[in-house]
Amino acid sequence: MGASMRIGKWGSSLAVRIPKAIAEQWDVSEGSHIEMASQGDQVIMRKQTYNLADLLADVTSDNLHQEQDFGESRGREQW
C-alpha cells in the first residue's frame, strides 16, 4: 500500500501522518511506538516490537522495585 503525503511541522520537528488504513493494518494508534531508519534516500518505518528476554536483560538490582503488598486474595487468585 502506498500513499503520497506532505511533510508538516510539529513543534520544531517535521512530521508525516500515517494514513488510517496503514494505522489499522499495523494496529497502532496515538501513543504507539514505531521504529524508523534511514536507508539512503528512503525512510523505513515499522511497528516496534518488544522481546521479553531483551527487556529483562536491562533489569538490575539497582532498578528493580520492591515487592508490593496488595492485601488479601479476593476471588480465586493464588499467591
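Our subject is the structure listed above.
Residues numbered from 1 in each chain as written. Predicted model: local features only at pLDDT ≥ 70, side-chain atom pairs only at ≥ 80, totals over all residues. Heavy atoms only, no water.

(A) How the structure looks around the overall build of the chain. For the chain, the helix and strand inventory stands at two helices and four strands. What you see in the chain, going N to C, is helices and strands ordered as β-β-α-β-β-α. For 79 residues, the compact-globule formula gives about 12 Å, and the C-alpha radius of gyration of the chain, at 20 Å, lies well above that figure. For the chain, the C-alpha atoms occupy an extent of roughly 55 × 30 × 25 Å along the three principal directions. Looking at the 79 residues of the chain, the share that counts as buried comes to 4%. Roughly 8200 Å² of accessible area belongs to the chain as shown, and the carbon and sulfur atoms make up 49% of that amount. When the 8 positive and 12 negative side-chain charges of the chain are each reduced to one mean point, those points stand 15 Å apart. (Helix = DSSP H or I, 4+ residues; strand = E, 2+ residues; numbered from the N terminus. Rg over C-alpha atoms; globule rule 2.2 N^0.38 Å. Buried < 20%, exposed > 50% of the residue type's maximum accessible area, 1.4 Å probe, protein only. Areas by Shrake-Rupley, 256 points an atom, 1.4 Å probe, with all protein chains shown as cover. Lys, Arg positive; Asp, Glu negative; His and termini not counted. Charge placed at Lys NZ, Arg CZ, Asp CG, Glu CD.)

(B) Spotlight on the pairing of strand 3 (residues 34–39). Burial runs low along strand 3: only zero of the six residues are buried. Of the pairings in the sheet, the one linking strand 3 to strand 4 (residues 42–47) comprises six bridges and is antiparallel in character. Its bridge partner being in strand 4, Ile 34 is matched across the sheet by Lys 47. Here strand 3 hands over to strand 4 after two residues, with Gly 40 in that stretch at a positive phi of 65 degrees. (Pairing = 2+ DSSP bridges.)

(C) Summary view of the environment of Asn 63. Structurally, Asn 63 is set in the segment after helix 2 (52–57). Relative accessible area serves as the criterion here: at 47%, Asn 63 is assigned to the partly exposed category. A polar contact of 3.0 Å, which involves the side chain of Asn 63, links it to the backbone oxygen of Asp 58. Within the local environment of Asn 63, its side chain forms a polar contact with the backbone nitrogen of Thr 60, the two atoms lying 2.7 Å apart. (Polar contact = N/O pair within 3.5 Å; in protein donor to acceptor, adjacent residues only side chain to side chain.)

(D) Inspection of the pattern of salt bridges at higher detail. Tallied over the full model, the rule gives two salt bridges. One salt bridge connects Glu 35 with Arg 46, and the closest N-O pair in it is separated by 3.0 Å. Linking Glu 35 in strand 3 with Arg 46 in strand 4, this pair joins segments that are 11 residues apart in sequence. (Salt bridge = Lys/Arg side-chain N within 4 Å of Asp/Glu carboxyl O.)

(E) Focus on a nonpolar patch on the surface. A contiguous nonpolar surface patch, about 630 Å² in accessible area, is contributed by Tyr 50, Leu 52, Leu 55, Leu 56, Val 59 and Leu 64. With respect to the helices, strands and loops of the structure, Leu 52 is situated in helix 2. The class of Leu 52 is exposed, set by a relative accessible area of 59%. (Patch = residues over 30% accessible without salt bridge, like charges linked within 9 Å, V, L, I, M, F, W, Y side chains within 5 Å.)

Everything listed is a geometric property; what it means functionally is a separate question.
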